[in-house]
Amino acid sequence: FTPPPFFTPPLAPGQVVLEAFTALSSCYKAHKHQADNGEKKGREYHYRQVLTSLETYLPDEFNAAYLRALGPLHGVGKETMEKLHELYRTGRLARYEKLANDPMMVALRDLKRVWGVGKVRAWELIEKHGVRSVEQLKARPSLVTKEGTKHYLAHFEELNTPFPRREVEQHEARVAELARRAHPRLRALATGSYRRGEQYCDDVDLVLWIEPAAAGAPALGMGPDPNPRSSAESSSAESESSDPLSRDDYTRVIELLLPVLKASGYLVHELTGMGGFGNPDGTHTTHMGIVRLGPDTQHRRIDIKVYPSATISAAILHFTGSAQFNRFLSRAARELGYYLSSDGLFKLPPNHPTRAPRPPNLAPLRCPEERDIFDQLGLLYVEPTRRKDKSDVLLPDGTPFWSTKAGAAAGAAANTALR
């Protein structure tokens, strides 16, 4: 594994520099648990600080003089400056390449491609059992204890092969049909790289929600009552009990949907099961599994997430991505006095600290569509296919938010230093 040049000098896109330092930080993070003196942990934390500074102040294009001006920023010390100039001059980062090509790191990356094998388990397999590849893990099934991991290994090649977006469309249609069987008001939408317009996808990402019932409509599944009660309250209670989703009880969707997915033959294996990714009250709003469209088709991994209809636009926005776009859109929301997550858009109290958690008693703002979220923030709506990085977070006139004085308000002191 030899990474290609990050970019071609002399003029480099700032985004690629961020990717280089993100990769370097990830290498230290992967190693840090086995460092006795905490050195690797400290370096990983250091490069996360560097990334915060670079994300805010490094433009998409720059020159050597601009790099020299970055020195006063927090975390950008002498060694970091040397790495920045190395990237600018050569398009490479020797320290990252050394770490990335270390045999232990190569083994770690390979093993972490298996569902259910995280960093800690991968290091245990490497150091305790001498397993350094997926093929070696397959050959020692006694080391695989999770049922989901066993199923994943059995179809590893298929599950790690990208597939065309038209297949995602077929999965979306199939789940939508089966969801309506489980409950007529269930809706499904494919998100992730598919919704961003990528031609090939690694898995099927779906967001589900319950379409609200029309005002005055009878509860689903109920015929006319031949002996209606005189008490409207009692009648309402009966209607609600007959339809488990009459109150937009999205926490019940996974419970209702899984039996239908299994009975149809679409859901082949569960990765999480009903025992994983649960809520404190025992309900489940996330499910991961292995599916296929028919007996002669390839196995694919599916991620299903269920959200309430009142905030479904925020969930769709979040799970569409990209991760870079989401991060900078959420940071822009904070700068503008809001909190944005998959749970909704919230207006923060005046003088709320930028890095403080969202107050628990806030109610999400009403934003039925994704466009409403952008409008509420005073930003230009960006189509899913354009949501790539921070340069796609735009003001109404099309100016990138993070290139303006408003976007950089939090770094006034550093901007002064750069000038």
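To be clear, the structure that these remarks concern was listed above.
The shown structure was predicted, so the numbers you read here are calculated from the model rather than taken from an experiment.

Reading the values: rules and limits
- Residues numbered from 1 in each chain as written.
- Predicted model: local features only at pLDDT ≥ 70, side-chain atom pairs only at ≥ 80, totals over all residues.
- Heavy atoms only, no water.
- Helix = DSSP H or I, 4+ residues; strand = E, 2+ residues; numbered from the N terminus.
- Expected span 1.5 Å × (residues − 1).
- Buried < 20%, exposed > 50% of the residue type's maximum accessible area, 1.4 Å probe, protein only.
- Salt bridge = Lys/Arg side-chain N within 4 Å of Asp/Glu carboxyl O.
- Contact = heavy atoms within 4.5 Å.
- Polar contact = N/O pair within 3.5 Å; in protein donor to acceptor, adjacent residues only side chain to side chain.

This part takes up helix H1 (residues 14–31). An ideal rise of 1.5 Å per residue puts 26 Å on 18 residues; H1 measures up with 26 Å between its terminal C-alpha atoms. Among the 18 residues that make up H1, 14 are buried, leaving the element largely enclosed by the rest of the structure.

Our focus in this paragraph is helix H16 (residues 323–335). Relative to the 18 Å expected for 13 residues at 1.5 Å per residue, H16 spans 18 Å between its end C-alpha atoms, a close match to the ideal helical length. Along H16, the positions that sit buried rather than exposed are Gln 324, Phe 325, Asn 326, Phe 328, Leu 329, Ala 332, Ala 333 and Arg 334. Count one or two residues on from H16 and you reach Gly 337, which has phi positive near 90°.

Attention now goes to the pattern of salt bridges. Under the criterion given, the structure shown has 16 salt bridges. Put simply, Arg 121 and Glu 124 hold a salt bridge, and the shortest N to O gap is 3.1 Å. With Arg 121 and Glu 124 both in helix H7 (residues 119–129) and 3 residues apart, the pair spans about one turn of that helix. Here Arg 121 falls in the partly exposed class, since its relative accessible area comes to 23%. Put simply, Glu 177 and Arg 181 hold a salt bridge, and the shortest N to O gap is 2.9 Å. Taken as a pair, Glu 177 and Arg 181 lie in helix H11 (residues 165–182) at a separation of 4 residues, close to a single helical turn. Using a relative accessible area of 33% as the deciding quantity, one classes Glu 177 as partly exposed. With a relative accessible area of 54%, Arg 181 lands in the exposed category. A network of salt bridges, in which partner residues are shared, links Glu 55, Arg 327 and Arg 331.

What follows is about the side chain of Ser 322. Mapping Ser 322 onto the fold places it in the loop between helix H15 (312–320) and H16. Setting aside its immediate chain neighbours within four residues, Ser 322 contacts Arg 196, Arg 387, Lys 388 and Asp 389.

This next bit is on the side chain of His 269. As for its placement among the helices and strands, His 269 is situated in strand E7 (residues 267–270). At 3.3 Å, the side chain of His 269 and the side chain of His 151 are in polar contact. Of note is the side chain of His 269, whose polar atom sits 3.5 Å from the side chain of His 155. Once residues lying within four places of it in the same chain are set aside, the contact partners of His 269 are His 151, His 155, Gly 289 and Ile 290.

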